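Breakdown of the fold
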2 protein chains.
Amino acid sequence: MSITRPHGFRAIGLDAGIKPAAAPDLALVVNDGPRDTAAAVFTANRVQAAPVLWSREAVADGRARAVVLNSGGANACTGPDGFADTHRTAEHLAGLLDVSAQDVLVCSTGLIGERLPMDPLLAGVTEATQQLTAGGEADAAAARAIMTTDSVAKTAEATTPSGATVGGIAKGAGMLAPQLATMLVVLTTDADVDAATADAALRAATATTFDRVDSDACMSTNDTVILLASGASGIAPGLEELTEAVRTVSADLARQLVADAEGASHDVHVVVRSASTEDAALAVAREIARSNLVKAAIFGNDPNWGRIVAAAGCVPESVAPFAVDDLSVHVNGVQVCRSGGAHRDRSEVDMTPRETRIEVDLGAGSASGDIWTNDLTHEYVEENSAYSS
Amino acid sequence: MSITRPHGFRAIGLDAGIKPAAAPDLALVVNDGPRDTAAAVFTANRVQAAPVLWSREAVADGRARAVVLNSGGANACTGPDGFADTHRTAEHLAGLLDVSAQDVLVCSTGLIGERLPMDPLLAGVTEATQQLTAGGEADAAAARAIMTTDSVAKTAEATTPSGATVGGIAKGAGMLAPQLATMLVVLTTDADVDAATADAALRAATATTFDRVDSDACMSTNDTVILLASGASGIAPGLEELTEAVRTVSADLARQLVADAEGASHDVHVVVRSASTEDAALAVAREIARSNLVKAAIFGNDPNWGRIVAAAGCVPESVAPFAVDDLSVHVNGVQVCRSGGAHRDRSEVDMTPRETRIEVDLGAGSASGDIWTNDLTHEYVEENSAYSS
């Protein structure tokens with residue numbers, strides 16, 4: 001189970017005929033309360049899909065009763081007509097649930113620039129509301145319905161020490177999908193918390209989990225992470241306790257996203273230590289994680305520390321103060337670079353595991369930060385060129 | 001001819017045995033005067049190869065008599081010993097030419113993190129000084145000797161209206177070479193100009209040429225562009241006139257670098273118009289040029305405007321103010337996006353030419369800027385993974 005493991009939730013997923021092929025493409029998650037607490041974070045891209053524009057407004061009051069999600073179309077760059085489609089979807093579900101349209105959040109994923117097929121979508125919403133239920137099958141159906149090029153459905157759950165539960169589903173194949181918008185996540189909890197607590201917990205949890213996955217430096221138009229709290233457990237964990245459970249579920253789902261990144265042959269964990277600040281560490285880690293030369297070398301099982309050091313050197317000193325002569329680099333535990341120069345031979349590094357660990361020590365302080373990425377492979381190019389579509 | 005087309009220069013290139021395989025790997029360019037004016041620009045990477053550290057100091061007085069360049073090793077991340085190697089190379093050539101070591105600039109390109117084989121290198125310098133000459137063969141030999149994975153030697157020349165000439169050689173396969181440091185350029189002119197004029201002309205010319213080539217967003221540890229002026233023509237063009245000729249030669253060489261980018265199947269010209277400032281236009285152009293999703297789509301002959309718009313949306317509003325609803329995108333002359341949404345069908349775009357032209361109109365002002373890049377291909381991955389080495 002996942003999103004209906006916490007009390008107070010029902011869900012479902014089905015094939016509404018939005019995707020050209022026969023495949024699940026519509027999911028509902030409904031919060032039956034007693035609370036209708038909701039929080040959400042969205043893509044920082046200035047180009048925002050219609051469902052992002054809608055949901056951002058709808059969740060501003062910290063309340064939501066339901067989320068409707070579709071794959072098969074991102075509804076991005078579709079103008080006022082696309083926004084009207086999202087609005088109509090929210091109103092349709094709201095009518096069926098007898099709630100306000102403002103309490104319905106919408107998520108879409110798929111091709112940018114094309115309108116959604118509204119007739120099958122709305123008919124699917126109607127059908128879905130009749131199938132809403134709790135349990136493992138409903139959770140799995142919802143997780144499957146939001147998949148695009150994901151190869152497996154992604155679910156996770158955790159329990160707080162005080163006994164409240166958190167569940168989640170996610171889609172996103174590491175931002176690697178051809179022409180597809182990226183990451184959609186729905187988290188649920190039966191904790192009895194207000195909107196401010198839910199929002200703080202969600203932001204703290206995503207900052208160190210989903211925000212640290214950087215598969216190919218491309219930011220989608222549709223990224224959305226939603227947390228719904230029903231209060232049905234009657235348990236009211238403190239902010240820190242809730243944050244830890246939300247973080248556990250988020251970290252689990254984020255790691256699943258990296259592991260399912262299409263075309264990837266390595267999951268790459270870049271850890272930067274001894275930085276002056278956490279932001280400095282993250283800036284260096286992100287620059288390394290985004291270097292095509294580093295990523296292609298890892299694909300070739302080459303622990304190329306020269307490219308890692310060169311990537312670190314592209315970060316301005318004002319952002320991350322460090323001396324090049326102090327740089328140390330371990331790849332999979334072998335210190336291939338010390339004091340900015342060659343150290344142990346690269347042939348000592350075993351690059352065959354799926355997970356590659358790059359550890360960079362800046363010698364400039366005591367802060368650290370990490371980013372997850374993937375290698376750059378032939379399959380990435382294939383997936384993202386038109387040959388695959 | 002190229003670098004010895006301007007009066008007052010001799011050059012040569014030969015096989016000194018620095019590269020493991022038999023291939024030219026050492027070049028000299030000597031300025032016989034009467035002037036010894038010199039200017040140079042270097043990589044902005046904080047990790048700088050020994051020859052960059054040396055040459056930056058050596059050219060600070062605006063004077064240089066010679067440049068020695070080697071392929072087969074970058075001499076980067078080699079510590080004090082590597083710096084001593086560069087120093088020794090400069091002193092060796094200075095002794096043979098009876099000039100100060102401070103008037104010898106050094107450039108290296110090749111693997112990061114390994115020492116240069118100094119015995120063959122210094123013997124090669126000695127031999128090269130005995131072969132120095134002017135003419136097409138010497139120019140071609142010098143251009144060949146700095147090649148790494150370049151498939152063709154790159155040379156260019158131009159003449160100012162007043163009759164001074166400018167010549168140049170360049171290496172660099174679009175920063176795509178496996179484990180290789182990037183772009184080395186030597187420009188020569190017989191114009192009678194002082195160091196301040198040469199410096200101003202070089203910086204203005206590189207800002208709109210070499211600085212606008214961004215093959216894969218990776219910045220090398222060795223990039224160097226040098227301008228030497230002999231004054232041998234006796235012609236003293238004004239700054240603007242000299243700048244134009246240096247820019248013509250630089251643009252010619254920069255375009256040759258893009259055309260020879262290894263693994264590329266398209267040269268991509270990203271032009272951003274109607275921006276609030278030139279910096280805003282360049283920021284948007286660079287973000288698009290660096291998007292792996294855009295670059296992979298072009299490889300697949302897919303004029304994917306959604307990815308172009310999404311990349312533009314990643315630039316912060318503080319850097320490039322524009323309204324998403326005002327965005328217009330032409331690909332190879334076809335307006336596939338208007339007012340931020342779909343316009344003409346992407347099937348109308350002919351993506352078969354080697355050159356792909358992306359034109360983005362921000363509707364936010366009257367400034368413009370452009371960046372050249374390449375597509376992301378299987379060959380890029382292959383070249384930059386260890387499989388090729």
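As the structure is a prediction and not an experimental result, all values here were calculated from the model.

Residue and element names in this part refer to chain A. Read from one edge to the other, the open sheet built from four strands follows the order β1-β2-β4-β5, with strand pairing classed as mixed. Edge positions in the sheet fall to β1 (9-14) and β5 (104-108), since each has one partner strand and no second. Neighbour to neighbour, the strand axes of the sheet diverge by 10 degrees on average, direction disregarded. In this structure, β1 lies alongside strand β2 (residues 26-31), joined through six bridges in antiparallel fashion. Pairing of isoleucine 12 across the sheet is with leucine 28, part of β2.

Cis peptide bonds are those with omega within 30 degrees of zero, and the linkage from glycine 33 of chain A to proline 34 of chain A qualifies with 20 degrees. With respect to the element layout, proline 34 of chain A can be found in the loop between β2 and β3 (37-42). Positive phi is not limited to glycine here, since serine 274 of chain A has a value of about 55 degrees. Positive phi outside glycine occurs at aspartate 98 of chain B, with the angle close to 60 degrees.

Counting 90 residues, the largest nonpolar core has Leu26 and Leu69 of chain A together with Val284, Ile288, Val329, Ile358 and Val360 of chain B as its most contacted members. With seven residues, helix α7 (residues 278-289) of chain B is the largest single contributor of residues to this core. Beyond its immediate chain neighbours, meaning those up to four positions away, valine 360 of chain B contacts Val271, Val272, Arg273, Ile288, Ile308, Leu327, Ser328 and Val329 of chain B. Membership of the second largest hydrophobic core comes to 89 residues, among which are Ala280 and Val329 of chain A together with Ala27 and Cys107 of chain B.

Once chain A is rotated about the relating axis by 180 degrees and shifted along it by 0.0 Å, it coincides with chain B to within an RMSD of 0.0 Å. A rotation of that kind, with that shift, is consistent with a two-fold axis. The position closest to the rotation axis in chain A is occupied by the C-alpha of histidine 378 of chain A, lying 2.7 Å away. Of all interface residues in chain A, 98% are interface residues in chain B too; the two copies therefore contact each other through one and the same surface.

The next point concerns the environment of aspartate 103 of chain A. Residue and element names in this part refer to chain A. Summarising the element assignment, aspartate 103 is placed in the loop between α2 (79-97) and β5. Aspartate 103 sits in the buried class, given a relative accessible area of 7%. The residues touching aspartate 103, leaving out its near neighbours within four places in the chain, are Asp61, Arg63, Ala64, Arg65 and Ala66.

Turning our attention to the domain arrangement of chain A. Residue and element names in this part refer to chain A. Annotation of chain A at the domain level lists domain 1 (9-259) and domain 2 (267-388). Each of domain 1 and domain 2 has a C-alpha centre, and the two are 32 Å apart. Contacts between the two partners involve 13 residues from domain 1 and, on the opposite side, 18 residues from domain 2. If you sort the residues of domain 1 by the area they bury against domain 2, Arg212, Asp214 and Val258 come out on top, with a joint share of 45%. Summed over the shared surface of domain 1 and domain 2, the number is twelve residue pairs in polar contact (both at pLDDT 80 or more).

Our next topic: the pairing of strand β14 (residues 355-361) of chain A. As paired elements, strand β10 (residues 267-275) of chain A and β14 of chain A share seven bridges and run parallel to each other. Pairing of valine 268 of chain A across the sheet is with threonine 356 of chain A, part of β14 of chain A.

It is worth spelling out the interface of chain A and chain B at this point. Contacts between chain A and chain B engage 52 residues on the former and 51 residues on the latter. Between chain A and chain B, the buried area comes to about 4,100 Å², and carbon and sulfur atoms account for 58% of it. At the level of elements, α8 (292-299), α9 (305-312), β13 (341-342) and α10 (378-384) of chain A are the ones that each hand at least two residues to the side of chain A that touches chain B. Of the residues contributing to the side of chain A that touches chain B, the split by class is 29 nonpolar, 16 polar and seven charged.

Once that is clear, we can look at helix α9 (residues 305-312) of chain B. Most of α9 of chain B sits inside the fold, with eight of its eight residues counted as buried. Looking only at α9 of chain B, the buried set comprises Trp305, Gly306, Arg307, Ile308, Val309, Ala310, Ala311 and Ala312 of chain B.

Cut-offs applied
- Residues numbered from 1 in each chain as written.
- Chains lettered and ligands numbered in written order.
- Predicted model: local features only at pLDDT ≥ 70, side-chain atom pairs only at ≥ 80, totals over all residues.
- Heavy atoms only, no water.
- Pairing = 2+ DSSP bridges.
- Helix = DSSP H or I, 4+ residues; strand = E, 2+ residues; numbered from the N terminus.
- Axes fitted to C-alpha atoms, helices over the stretch in contact; angles between N-to-C directions.
- Core = buried A, V, L, I, M, F, W, Y, C linked by side-chain atoms within 4.5 Å.
- Buried < 20%, exposed > 50% of the residue type's maximum accessible area, 1.4 Å probe, protein only.
- Contact = heavy atoms within 4.5 Å.
- Least-squares fit on C-alpha atoms with pLDDT ≥ 70 in both.
- Domains from an automatic or database assignment.
- Buried area = accessible area lost by both parts, 1.4 Å probe.
- Polar contact = N/O pair within 3.5 Å; in protein donor to acceptor, adjacent residues only side chain to side chain.
- Nonpolar A, V, L, I, M, F, W, Y, C, P; charged D, E, K, R; others polar.

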